[in-house]
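Topology and contacts: notes
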Amino acid sequence: MRTLLGALVLTLAIPLSVSSVAAAHTPRAPEVTDPATWKWQKTKVDADQSFRGLDAVNKRVAWIAGENATDDGGPGTVYRTTDGGKTWQDVSPKVKADLAFRDVEAQNVRVASILAIGPGKASRIYRTTDGGRT
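Keep in mind it's a predicted model, so treat the numbers as computed, not measured.

Details of the pattern of salt bridges
Enumeration according to the criterion identifies two salt bridges in this entry. Notably, a salt bridge pairs R52 with E67, separated by 3.4 Å at the nearest N-O pair. In this pair, R52 is assigned in strand β1 (residues 49–56) and E67 in strand β2 (residues 62–68), connecting sequence segments 15 residues apart. For R52, a relative accessible area of 46% translates into the label partly exposed. On the basis of relative accessible area, E67 is assigned to the buried category, the value being 15%. Across the pair R102 and E67 runs a salt bridge, and its minimum N-O distance is 2.8 Å. Of this pair, R102 sits in strand β5 (residues 100–106) while E67 sits in strand β2; the two residues are 35 residues apart in sequence, bridging distant segments of the chain. Connected through shared salt-bridge partners, R52, E67 and R102 make up one network.

Here's what the structure looks like:
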């Protein structure tokens, strides 16, 4: 009986010690900066656009896509930042149609897909692999 009781105690004690060892070696999540220190800054990219699509790749690279919001109409645009939003480059597809860009899905600083919507052939998807040059 004493041996059976000792085996039972040992059987229960091993998982507890293993789990505490595993917990001691579990990597911790990186510290998140205090949200109270975050500062939003308003940036005017293009006052004539109504931006509908945004994809942030990381803290430095983001893409935005929009459509012309003026009464005159005009082309939608796609912009990309590589410096955390300090500057934005117009990387819109070079097309003659006045397209309305509604979404952008970016993989990295060079690769992105942009969705244009509209009647008939105005609905299309553009893809760039060179940061918007082509």
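Quick look at the sheet that holds strand β3 (residues 78–81)
The pairing of strands in a sheet happens through backbone hydrogen bonds and is either parallel or antiparallel. Judged by pairing direction, the sheet is antiparallel, and its four strands sit side by side in the order β1-β2-β3-β4 without closing on themselves. Each having just a single partner strand, β1 and β4 (89–90) make up the two edges of the open sheet. As defined by bridge partners, β2 adjoins β3 across four bridges and the pair is classed as antiparallel. Among the inter-strand pairings, A62 is bridged to a residue of β3, identified as T81.

Each value, and the rule that gives it
Residues numbered from 1 in each chain as written. Predicted model: local features only at pLDDT ≥ 70, side-chain atom pairs only at ≥ 80, totals over all residues. Heavy atoms only, no water. Salt bridge = Lys/Arg side-chain N within 4 Å of Asp/Glu carboxyl O. Helix = DSSP H or I, 4+ residues; strand = E, 2+ residues; numbered from the N terminus. Buried < 20%, exposed > 50% of the residue type's maximum accessible area, 1.4 Å probe, protein only. Pairing = 2+ DSSP bridges.

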